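The lines below spell out each chain.
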Amino acid sequence: MTETTPRRRLLPLLSAHPGGRSAMTCRYRCGDACFHDIPNTSGNDYFGDVVASAVSRRSLLKAGAVIAVTGAATTALGQEPAMAAPGKGGPGNGAPAGAPGLRFDAVAPNTADVLTPPPGYLQDIVLRWGDPLFTDAPAFDPANQSAEAQQRQFGYNCDYLGLLPLKGRQDFLLVANHEYTTEGMMFPGYDPDNPTAEQVATAWAAHGLSIVAVTSGRRGKRSGALDPVVGHRLNRRFHTGTAFELSGPVAGSPVVRTGADPEGRTVLGTLNNCSGGLTQWGTWLTAEENFNQYFAHAASVADPVVKERLRRYGMSGGASERKWERFDDRFDLTKEPNEANRFGWIVEIDPYDPTSTPRKRTALGRFKHEAATTRLTRDGRVAVYMGDDERFDYFYKFVSTGRYRRGDDRRNADLLDNGTLYVARFTGSSPAAEITGDGALPSDGAFDGGGEWIPLVTSTGSEAVSHVPGMSGVEVLTFTRQAGDAVGATKMDRPEDVEPSPRSGVVYLALTNNSNRGVVGQAGADEANPRTKNRHGHVVEVAERRNDAGELAFGWRIFLLCGDPNDPGTYFAGFDKSQVSPISCPDNVTFDKYGNLWISTDGNALGSNDGLFGVAVEGEFRGQVKQFLTVPRGAEACGPWVEDDRVLVCVQHPGETDGAAFETPTSHWPDGGTAIPRPSIAVAWRADGKKIGHA
Ligand code: FEO
Ligand code: CA
Ligand code: CA
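As the structure is a prediction and not an experimental result, all values here were calculated from the model.

What follows deals with the coordination of the calcium ion (ligand 2). Surrounding the calcium ion (ligand 2) are the protein donor atoms S429 (OG), S430 (OG), D444 (OD), D444 (OD), A446 (O), D448 (OD) and E527 (OE), at 2.3 to 2.8 Å. Read in sequence order, the donor residues coordinating the calcium ion (ligand 2) give the pattern S-S-x13-D-x1-A-x1-D-x78-E. Of the two residues, D444 is situated in the loop between β17 (418-428) and β18 (448-460) and E527 in the loop between β22 (507-511) and β23 (538-544); the sequence distance between them amounts to 83 residues. Overall, the relative accessible area of 39% leaves D444 in the partly exposed class.

Structure (structure tokens):
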């Protein structure tokens, strides 16, 4: 299944759904978000209109000019962030070539029902859905599931994953999200119109989070495999019945008070946790994303203000897909209109304290949070970058008021309750007429420009000061999308994961796709989102002024326009397109220690299974995208984690193809035979025990 030169022809399309997702994934993951009306109906300036404003353009470009292409990147902290020059050539003779850390034979696109790493690499499963985490947990039995069992087992559809250090070099604390459930594939005889109480309770238990100690100490020295330590004192499962504390200015406010929680301070559960990040002080940030789909009967809400707030967050219908409202009133918006305001937050968890209560950090705003990744400002404050994953929604940054103090956990614990939330406005450097919508570069040779972070609200513990006329501080934090609408934030093509390069400080933002860009009634192509009906997505580099995460001006440039390299509308930072792997729908991103960007995909629209790709962002191989692995049929590659000697991915929703059900699985990964598919964390490493991606 592997070849050195990536396949060059366009593969047939397998799905009419946005990106290449199956209808099943659209339905269960996002509540068919792409088939509903676009929630953002604001009249924010389209890009061309902003460019026409010469004054704003000049002032922004002045700030952005510092990231003009300057040749080889010299981006150590303290210098101006300089983006690397476009790559000049191919990988040269002899395989596997490439940047350090990426010297492997690229995996070819394929539709196999296996995980395919490069030749010379081995693989194993770390954790499967249903694996016991505690000594009293029963073994997984798909025919006899229960909520009680699932609360003691690894949950469904893992997405984000992170590894935190434990004592010694062999042991880690693995943290993972369980984003959503696909009931028809989980339960025998599932009737979507009449779910049973036990099925619903089991799905509640299969959502949430896991913290699991893992060890490499049970295999040989050369093995990269990791085994869960069942019953470790730090193992935890968080599910829809676990108590979470609201923290920051929204805690206790009227918009989060409910019948079950009149104080508005304690929420049961975390929902649809997608990606996340780790902080400098060893905590885990996990992002509540498509929470809207769990709440029913928005159409019957009478109050027009409440109704509009719900609509802006994608809630306008009747019964929910999973019918949870039949079993708990809090999912019925006509009975508990504030319950939905208690989801859509960034949650901070201390994985090292098994008695800690996770906190929903309201100072970071409420939207369909994809992820939250951190970088320190020059003076030691914490910047948190966050995308709102919806077509035409926004890119955000929070900057703490206090400084991070190494080793001072007590002070660091309050950093994310105090600070200012900003939203991004991008401005292009080229005339609007040169942004033709087909990916053709403008005459200055780059999709690039300047931008600014627009302040929305400043939080000081329990208080919030609004910077948006007509909205209170609590309103800005709770209905952040409407605040972004009011200040003219830039409508983006689904901001997914974002990650600052630990080497250069340049921030990489994945925009996964937007098939509605440029259709009648919607925003057209602009320089930061330059393709109409953008099916394959793109990756943007953002460099803040003086390379300081605390600055409010930035320059930006498109790094990748994804798709088949034979498509003239693709761009790989100027690298020779005959030497790159096809890539579609970039989603989760991470960096390796060499400064290479690793990108996992969601919904490959080129006909291949999704996968994980590595790409150099500096030097002669800048832009050489190389596929490291593909995931099995119907699956998405999530939560990549890259170490010296192993690469981990969450294989989310294997076999989630149209028509698949518990009785008629379309994947048997990872157990094989006739088994139902099980979302799992997989790990790959070199058979010879050497470092990943070295010749
Ligand atoms: Fe859960 Fe935006 O992907
Ligand atoms: Ca330009
Ligand atoms: Ca994602």
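On to the coordination of the calcium ion (ligand 3), then. The protein atoms that coordinate the calcium ion (ligand 3) are C274 (SG), E370 (OE), E496 (OE), D587 (OD) and D587 (OD), at distances of 2.3 to 3.1 Å. Around the calcium ion (ligand 3) sit six donor atoms, and with donor-metal-donor angles ranging over 48 to 156° the site reads as irregular. For the calcium ion (ligand 3), the donor residues sit on a single chain with the sequence spacing C-x95-E-x125-E-x90-D. Linking C274 in strand β9 (residues 273-278) with E496 in strand β21 (residues 495-500), this pair joins segments that are 222 residues apart in sequence. There is no split in this pair, since C274 and E496 are both buried.

Tracing the chain through its elements places T373 in strand β13 (residues 373-376). At 2.6 Å, the side chain of T373 and the backbone oxygen of V498 are in polar contact. Contact partners of T373, with chain neighbours within four places excluded, come to G276, G277, A383, V384, Y385, D497, V498, E499 and P500.

With that out of the way, let us pick up the sheet that holds strand β12 (residues 359-361). Overall, mixed pairing links the six strands, which are arranged β8-β7-β12-β11-β10-β9 in an open sheet. The outermost strands of the open sheet, each flanked by one partner alone, are β8 (266-268) and β9. On average, each strand axis in the sheet is tilted by 35° relative to the strand beside it, whichever way the strands run. Two strands pair when backbone bridges link them, and strand β11 (residues 346-349) and β12 are joined in this way by three bridges, in the antiparallel orientation. The residue of β12 that forms the bridge with I346 is R361.

All right, on to the pairing of strand β27 (residues 597-601) then. Across the five residues that make up β27, a large majority, five, are buried. Both faces of β27 are covered, namely the face carrying L597, I599 and T601 and the face carrying W598 and S600. Both strand β26 (residues 586-591) and β27 contribute to a ladder of four bridges, which runs antiparallel. Along β27, the bridge assignment pairs T590 with W598. Connecting β26 to the next strand, β27, in antiparallel fashion are five residues, including G595 with a positive phi near 90°. Across four bridges, β27 lies against strand β28 (residues 611-615) in antiparallel orientation. When the sheet's bridge partners are listed, W598 is paired in β28 with G614.

For the rest of this paragraph, the subject is the pattern of salt bridges. Counting across every chain of the model gives 49 salt bridges. D671 is the partner of R128 in a salt bridge, and the nearest nitrogen-oxygen pair spans 2.7 Å. Linking R128 in strand β1 (residues 121-128) with D671 in the loop between β31 (647-652) and β32 (680-686), this pair joins segments that are 543 residues apart in sequence. Here R152 ties to D136 by a salt bridge, and the two come within 3.0 Å at their closest N and O atoms. Remark: D136 occurs in the loop between β1 and α4 (147-150) and R152 occurs in the loop between α4 and β2 (158-165); sequence separation between them is 16 residues. Assessed through its relative accessible area of 29%, R152 is described here as partly exposed.

Describing two packed helices takes the angle between their axes plus the distance from one axis to the other. At a minimum axis distance of 9 Å, the contact between helix α7 (residues 304-312) and helix α10 (residues 480-487) shows a crossing angle of 85°. The angle between the axes of α7 and α10 places the two elements in the roughly perpendicular class. Contacts between α7 and α10 involve E308, R309 and R312 from the first element and R481, Q482 and D485 from the second. Among the residues making up the contact of α7 with α10, the classes are represented as no nonpolar, one polar and five charged.

For the rest of this paragraph, the subject is the packing of aromatic side chains. Inspection of the entire model under this criterion finds 26 aromatic pairs. On the basis of an interplanar angle of 90° and a centroid distance of 4.7 Å, the ring pair of W129 and Y156 is categorised as edge-to-face. In this pair, W129 is assigned in the loop between β1 and α4 and Y156 in the loop between α4 and β2, connecting sequence segments 27 residues apart. Both residues of the pair, W129 and Y156, belong to the buried class. Pairwise contacts between aromatic rings join W204, Y294, F295, W324, F331 and F343 into one cluster. Over the ring of F134 we find R152; its NZ or CZ atom is 4.1 Å from the centre of that ring. Lying across the ring of F244, K360 places its NZ or CZ 5.7 Å from the centre.

Cut-offs applied
Residues numbered from 1 in each chain as written. Chains lettered and ligands numbered in written order. Predicted model: local features only at pLDDT ≥ 70, side-chain atom pairs only at ≥ 80, totals over all residues. Heavy atoms only, no water. Donors = N, O, S within 2.8 Å, 3.2 Å for Na, K, Ca; no water. Helix = DSSP H or I, 4+ residues; strand = E, 2+ residues; numbered from the N terminus. Buried < 20%, exposed > 50% of the residue type's maximum accessible area, 1.4 Å probe, protein only. Tetrahedral: all angles 85-135°; square planar, octahedral: opposite > 155°, others 65-115°. Polar contact = N/O pair within 3.5 Å; in protein donor to acceptor, adjacent residues only side chain to side chain. Contact = heavy atoms within 4.5 Å. Pairing = 2+ DSSP bridges. Axes fitted to C-alpha atoms, helices over the stretch in contact; angles between N-to-C directions. Salt bridge = Lys/Arg side-chain N within 4 Å of Asp/Glu carboxyl O. Parallel < 35°, antiparallel > 145°, perpendicular 65-115°, else oblique. Nonpolar A, V, L, I, M, F, W, Y, C, P; charged D, E, K, R; others polar. Phe/Tyr/Trp six-rings, centres within 6.5 Å; stacked < 30°, edge-to-face > 60°. Lys NZ or Arg CZ within 6 Å of the ring centre and 35° of its normal.

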